[in-house]
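The lines below spell out each chain.
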Amino acid sequence: MKIGLLTSGGDCPGLNAVIRGAVLNGVISHDDEFVGFRNGWRGVVEGDFDEIVRHDVRGLSKQGGTILGSSRTNPFEGEGGGPENIQRMLDENGIDAIIAIGGEGTLTAARRLVDEGGINVVGVPKTIDNDLAATDYSFGFDTAVQIATEAIDRLRTTADSHGRCMVVEVMGRHVGWIALHSGMAGGAHAILIPEQPKTIEQICEWVESVRDRGRAPLVVVAEGFTLEGMSEAHSHKGLDAFGRPRLGGIGELLAPMIEERTGIESRETVLGHIQRGGAPSAFDRVLATRLGMAAVSAVHDQAWGQMVSLRGTDIEVVSLHEATGALNHVPASRYDEAKILFG
């Protein structure tokens, strides 16, 4: 078979390991051919791709980013967009199937292409937010948590030196997994996540409790967190290609509010895209490799409209409808567990 690979949406540590796992399994087990679409769905819409051979993926699992490039292109837009045009391009180039590696937006688009055009697509879950349902973990999350935890450790020392309150903003559009895990690992005194709106009074109560014990408060907040009374997450950066607000800046909103109410000098740090960069962790390299290998097996099983998934320690195949129909929210029980550590 001739299989097209694409990486779409935000970049993520482990994308190259998926590509390597897919190509090695396909070449060794099935004598497959591979092409890589450039810059995600944009390469599919424009018919822009290159051949990928075994030599191209040598030593690739430890490399961050993606050799294929990425974008947030919507495959239903543009001159070559839509199921009919995409199927015509695949037929003209003898490409039998697409393995789409991406997050919520990418896999929702993949699901629509299968449903509306019958295009042969298998999905691989990629999101540092860990927000995709139907998989226990997605690759990239572990690396992002490690990066955020290291940043928290560094900010704690400067906070202690000056007696400041540090507000650390991490990624997390709809779910707070990065904030929860990095906050617990870094010993944060408050963790603020999208699933649990809080009042500024409650946040300041936690901060003052820390100050009264002679410590420098440290608050970790996910970019999608909302204060009680806010109708939507803070955004001042416009919309992305899928019409979603570009989030970021809630830390800049909270820090002066905390300082005004508590009298504690407060500073914010937005980690932003640094969480996506660099080499993947060992856990993410292994998970991504296994998912890439499993995706090729799913293609040969003609599991169109399906996604490879981690359940416990096993790789399974699940429906893209199940994967994109709901988000993997932080359960209230997990947040209540972490709250014991606040203040």
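A short tour of the structure in this document, coming up. No experiment lies behind these values; they were computed from the predicted model shown.

A separate point is the overall build of the protein. A tally of regular secondary structure across the protein gives 11 helices and 11 strands. In terms of C-alpha radius of gyration, the protein reaches 21 Å, essentially the compact-globule figure of 20 Å for 343 residues. The principal-axis extents of the C-alpha atoms in the protein amount to approximately 70 × 35 × 30 Å. Counting all 343 residues of the protein, 56% fall into the buried class. Sequence separation of 24 or more characterises 74% of the internal contacts of the protein that already satisfy a separation of 6 or more. Accessible surface computed for the protein: about 13800 Å², of which carbon and sulfur atoms make up 45%.

Most of strand 8 (residues 218–222) is tucked away, with five of its five residues classed as buried. Every second residue of strand 8 is oriented toward a common face, with Leu 218, Val 220 and Ala 222 on one face and Val 219 and Val 221 on the other, all of them buried. Across five bridges, strand 6 (residues 165–170) lies against strand 8 in parallel orientation. In the sheet register, Val 167 faces strand 8, and the bridge partner there is Val 219. Both strand 7 (residues 190–192) and strand 8 contribute to a ladder of three bridges, which runs parallel. Bridged to Ile 191 within strand 8 is Val 220. The handedness of the strand 7 to strand 8 crossover, carried by helix 7 (residues 200–212), is right-handed.

Here we take up helix 6 (residues 177–186). Counting buried residues in helix 6 gives eight out of 10 residues, a clear majority hidden from the surface. By the burial criterion, the buried members of helix 6 are Trp 177, Ile 178, Ala 179, Leu 180, His 181, Ser 182, Gly 183 and Gly 186. At its buried positions, helix 6 is contacted by helix 5 (141–162), strand 6, strand 7, strand 8 and helix 11 (332–339). Positioned one or two residues after helix 6, Gly 187 has a phi angle of 70 degrees, which is positive.

If you trace the four strands from one edge of the open sheet to the other, you get 7-8-6-9, paired in parallel fashion. Taken across any chain shown, the strands that pair with only one partner, and hence form the sheet edges, are strand 7 and strand 9 (266–270). Within this sheet the neighbouring strands show an average axis-to-axis angle of 20 degrees, counted without direction. Taken together, the five bridges between strand 6 and strand 9 define a ladder with parallel strand orientation.

To continue, consider a nonpolar patch on the surface. A cluster of nonpolar side chains, Met 184, Ile 340 and Leu 341, forms an exposed patch at the surface whose accessible area comes to about 300 Å². Summarising the element assignment, Leu 341 is placed in the segment after helix 11. The exposure class of Leu 341 is partly exposed, given its relative accessible area of 48%.

Looking at the secondary structure, you find Ser 309 in strand 10 (residues 306–311). A residue is classified by how much of its surface remains accessible, and Ser 309, at 0% relative accessible area, is buried. Within the local environment of Ser 309, its side chain forms a polar contact with the backbone oxygen of Ala 134, the two atoms lying 2.3 Å apart.

Glancing now at the packing of helix 5 against helix 6. Relative orientation of the contacting elements helix 5 and helix 6 amounts to 45 degrees, with a least axis distance of 8 Å. Between helix 5 and helix 6, the angle is such that the two are oblique. Like other packed secondary-structure pairs, helix 5 and helix 6 cross with a definite hand, here right-handed. Mapping the contact onto sequence places Phe 141, Ala 144, Val 145, Ala 148, Thr 149, Ile 152, Asp 153 and Arg 156 in helix 5 and Trp 177, Ile 178, His 181, Ser 182, Gly 183, Ala 185 and Gly 186 in helix 6.

Turning to helix 7, a few remarks are in order. Taking 1.5 Å as the rise per residue, helix 7 with 13 residues should run 18 Å; its terminal C-alpha atoms sit 18 Å apart, in good agreement. Within the sequence span of helix 7, burial applies to Ile 200, Ile 203, Cys 204, Trp 206, Val 207 and Val 210. Taken down its axis, helix 7 places every buried residue within 155 degrees of arc, on the same side. Facing away from the buried side of helix 7, by more than 90 degrees, are the exposed residues Glu 201, Glu 205 and Asp 212. On the buried face of helix 7, the contacting elements are strand 6, strand 7, strand 8, helix 8 (250–262) and helix 11.

What follows covers the nonpolar core. For soluble globular proteins, the rule of thumb is that nonpolar side chains tend to be buried together. Judged by nonpolar contacts, the single largest core of 80 residues is most densely connected at Leu 5, Ile 99, Val 124, Phe 139, Ile 203 and Leu 254. With 24 residues, the next largest nonpolar core counts Ile 98, Ala 109, Ala 110 and Val 121 among its residues.

We now examine the pattern of salt bridges. Summed over the entire model, instances satisfying the criterion amount to 10 salt bridges. The salt bridge involving Glu 265 is made with Arg 164; its shortest N-O contact spans 3.2 Å. Of this pair, Glu 265 sits in the loop between helix 8 and strand 9 while Arg 164 sits in the loop between helix 5 and strand 6, placing them 101 residues apart in sequence. Looking at Glu 265, the relative accessible area reads 29%, which means it is partly exposed. If you follow the salt bridges from partner to partner, you end up with Arg 38, Asp 48 and Asp 50 in one network.

It is worth spelling out the environment of Ala 295 at this point. Take Ala 295: it is sitting in helix 9 (residues 282–300). Sequence-wise, Ala 295 and Leu 15 are 280 residues apart; in three dimensions their C-alpha atoms are separated by 13 Å. If we ignore the near neighbours within four places in the chain, the residues touching Ala 295 are Ile 99, Val 122, Val 124 and Val 308.

How each quantity is defined
- Residues numbered from 1 in each chain as written.
- Predicted model: local features only at pLDDT ≥ 70, side-chain atom pairs only at ≥ 80, totals over all residues.
- Heavy atoms only, no water.
- Helix = DSSP H or I, 4+ residues; strand = E, 2+ residues; numbered from the N terminus.
- Rg over C-alpha atoms; globule rule 2.2 N^0.38 Å.
- Buried < 20%, exposed > 50% of the residue type's maximum accessible area, 1.4 Å probe, protein only.
- Contact = heavy atoms within 4.5 Å.
- Areas by Shrake-Rupley, 256 points an atom, 1.4 Å probe, with all protein chains shown as cover.
- Pairing = 2+ DSSP bridges.
- Right-handed = clockwise from strand over helix to strand, strands pointing away.
- Axes fitted to C-alpha atoms, helices over the stretch in contact; angles between N-to-C directions.
- Patch = residues over 30% accessible without salt bridge, like charges linked within 9 Å, V, L, I, M, F, W, Y side chains within 5 Å.
- Salt bridge = Lys/Arg side-chain N within 4 Å of Asp/Glu carboxyl O.
- Polar contact = N/O pair within 3.5 Å; in protein donor to acceptor, adjacent residues only side chain to side chain.
- Parallel < 35°, antiparallel > 145°, perpendicular 65-115°, else oblique.
- Left-handed = near helix turned anticlockwise from the far one by under 90°.
- Expected span 1.5 Å × (residues − 1).
- Arc of directions from axis to C-beta.
- Core = buried A, V, L, I, M, F, W, Y, C linked by side-chain atoms within 4.5 Å.

Scope: geometric values only; no functional claims are made or implied.
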